[in-house]
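Each chain is listed here by its residues.
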Amino acid sequence: MSIVHAHNAVSRQQLLQAFDALLQPQLFKDYGPNGLQVEGKPHIRRIVSGVTASRALIDAAIASRADAILVHHGLFWRGQDGRITGWMKERLARLLAHDINLFAYHLPLDAHAELGNNAQLGRVLGLVADARFGEQNLGFSGPASFDSGQALADHVAQALGRTVTLVQPEDGAARPVRRVAWCTGGAQGYFESAIAAGADAFITGEISEPQAHLAREMGVSFIAAGHHATERYGAPAVAAHVAAQLGLAHAFIDIDNPA
């Protein structure tokens, strides 16, 4: 957890405007509401960022005396059960009891060209995007130099500090990787767009059954590096940027998740 100390306070609306100006949620068709999801205290000095608005993150934010939380995965999604029971009640009760604002940005936080999940994953992996692909241009791609999909997978595993799943083409050991495409989280459905964009390998968080067959048949390596593991860089980058802009304290709290 890294902490930057606050110099002043800003209004909830000022913070919302700063996030919206940076991430431009109005440009995206998304699966849930972006922006302020739970209203808390009107003035903010301390922000906590994290990947998901889990009970563990909320409890950690309470312990750090946060006034606001910024996450990638918020509480509300299209088509979910709207009743406030069980886990939803527990999370909301904590936020409301401690008057903490919850801000969530999903696709806008994936897409930001410098601070978003895809840009930040590229930074961690040493990849520089020179093109975008896929629905809403969420996917990134750029040049690379790896002897094989296995060499790239080993590099990703070392950079992220976790085991990854690799599915190689039938002749994968003999195929160098000169172009990599990536899209964080549950973007396995972008694989065919990555292939069409000329990728030799595709990196995302998860793999589903069809992608293994496509990788073997289409000559493009598929690397699933973990949903959480690939998306733990955007929220702290955005929160740190906005906190510095507004003179607020910021702490990133990474709640471990094997998925």
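For clarity, every value in this text was computed on a predicted model and none was experimentally measured.

### Some thoughts on the overall build of the chain
Working step 1: Helix and strand content of the chain: 10 helices and 14 strands.
Working step 2: Here the C-alpha radius of gyration of the chain, 19 Å, is about what a compact globule of 259 residues would show, namely 18 Å.
Working step 3: Counting only C-alpha atoms and orienting by the principal axes, one finds that the chain spans roughly 60 × 40 × 30 Å.
Working step 4: By the burial criterion, 53% of the 259 residues in the chain qualify as buried.
Working step 5: For the chain, the proportion of contacts with a sequence separation of at least 24, taken over those separated by at least 6, is 69%.
Working step 6: Accessible surface for the chain amounts to roughly 11600 Å². Of this, 50% is attributable to carbon and sulfur atoms.
Working step 7: Side-chain charges in the chain split into 20 positive and 24 negative, and the spacing between the mean points of these groups amounts to 8 Å.

### Quick look at the nonpolar core
Working step 1: Counting residues in each nonpolar core, the largest one holds 23 residues, and the members touching the most others are L15, F19, F103, Y105, V238 and L248.
Working step 2: Taken together, the elements giving at least two residues each to this core come down to α1 (12-23), β6 (68-73) and α10 (234-246).
Working step 3: Looking at this core element by element, the count peaks at 7 residues for α10.

### A few points about the side chain of S141
Working step 1: Looking at where S141 falls in the secondary structure, it is placed in strand β9 (residues 139-146).
Working step 2: Judged by its relative accessible area of 3%, S141 is buried.
Working step 3: Among all residues touching S141, those that are not within four sequence positions of it are V128, A129, D130, A131, F133, R179, V180, A181 and W182.

### A word on α1
Working step 1: With 12 residues, α1 ought to run about 16 Å at 1.5 Å a step, and its terminal C-alpha atoms sit 17 Å apart, in line with that.
Working step 2: Listed in full, the buried residues belonging to α1 are R12, L15, L16, A18, F19, L22 and L23. What you see down the axis of α1 is that its buried residues fit within an arc of 160°, all on one side.
Working step 3: Looking one or two residues past α1, Q24 carries a phi angle of roughly 50°, positive in sign.

### A word on the sheet that holds strand β11 (residues 177-182)
Working step 1: If you walk across this open sheet you meet the 6 strands as β8-β9-β11-β12-β13-β10, and the pairing is mixed. The open sheet has two edge strands, β8 (131-133) and β10 (165-167), and neither has a second partner. Pairs of neighbouring strands in the sheet enclose a mean axial angle of 30°, with direction left out of account.
Working step 2: Direction of pairing for β9 relative to β11: antiparallel, over a ladder of 5 bridges. Its bridge partner being in β11, G142 is matched across the sheet by V180.
Working step 3: Contacts from helix α5 (residues 117-125) reach β9, β11 and β12 (201-204), with the element oriented near 145° to β11.

### What to know about the environment of E90
Working step 1: Among the secondary structure elements, E90 is positioned in helix α3 (residues 86-97).
Working step 2: Taking relative accessible area as the criterion, E90 reaches 31% and is therefore assigned partly exposed.

### Remarks on unusual backbone geometry
Working step 1: You will see that Q24, though not glycine, has its phi angle at about 50°, which is positive.
Working step 2: Mapped onto the elements of the fold, Q24 is located in the loop between α1 and β3 (35-38).
Working step 3: Looking at Q24, the relative accessible area reads 35%, which means it is partly exposed.
Working step 4: The backbone of D99 shows a phi angle near 55°, a positive value even though the residue is not glycine.
Working step 5: Within the secondary structure layout, D99 lies in the loop between α3 and β7 (101-104).

### Points about the packing of α5 against helix α6 (residues 149-160)
Working step 1: At a minimum axis separation of 9 Å, α5 and α6 run at an interaxial angle of 100°. Here α6 runs roughly perpendicular to α5, going by the angle between their axes. Across the interface between the two elements, L121, V124 and L125 from α5 touch H155, V156, A159 and L160 from α6.
Working step 2: Looking at the contact of α5 with α6 residue by residue, the classes come out as 6 nonpolar, 1 polar and no charged.

Definitions and cut-offs
Residues numbered from 1 in each chain as written. Predicted model: local features only at pLDDT ≥ 70, side-chain atom pairs only at ≥ 80, totals over all residues. Heavy atoms only, no water. Helix = DSSP H or I, 4+ residues; strand = E, 2+ residues; numbered from the N terminus. Rg over C-alpha atoms; globule rule 2.2 N^0.38 Å. Buried < 20%, exposed > 50% of the residue type's maximum accessible area, 1.4 Å probe, protein only. Contact = heavy atoms within 4.5 Å. Areas by Shrake-Rupley, 256 points an atom, 1.4 Å probe, with all protein chains shown as cover. Lys, Arg positive; Asp, Glu negative; His and termini not counted. Charge placed at Lys NZ, Arg CZ, Asp CG, Glu CD. Core = buried A, V, L, I, M, F, W, Y, C linked by side-chain atoms within 4.5 Å. Expected span 1.5 Å × (residues − 1). Arc of directions from axis to C-beta. Pairing = 2+ DSSP bridges. Axes fitted to C-alpha atoms, helices over the stretch in contact; angles between N-to-C directions. Parallel < 35°, antiparallel > 145°, perpendicular 65-115°, else oblique. Nonpolar A, V, L, I, M, F, W, Y, C, P; charged D, E, K, R; others polar.

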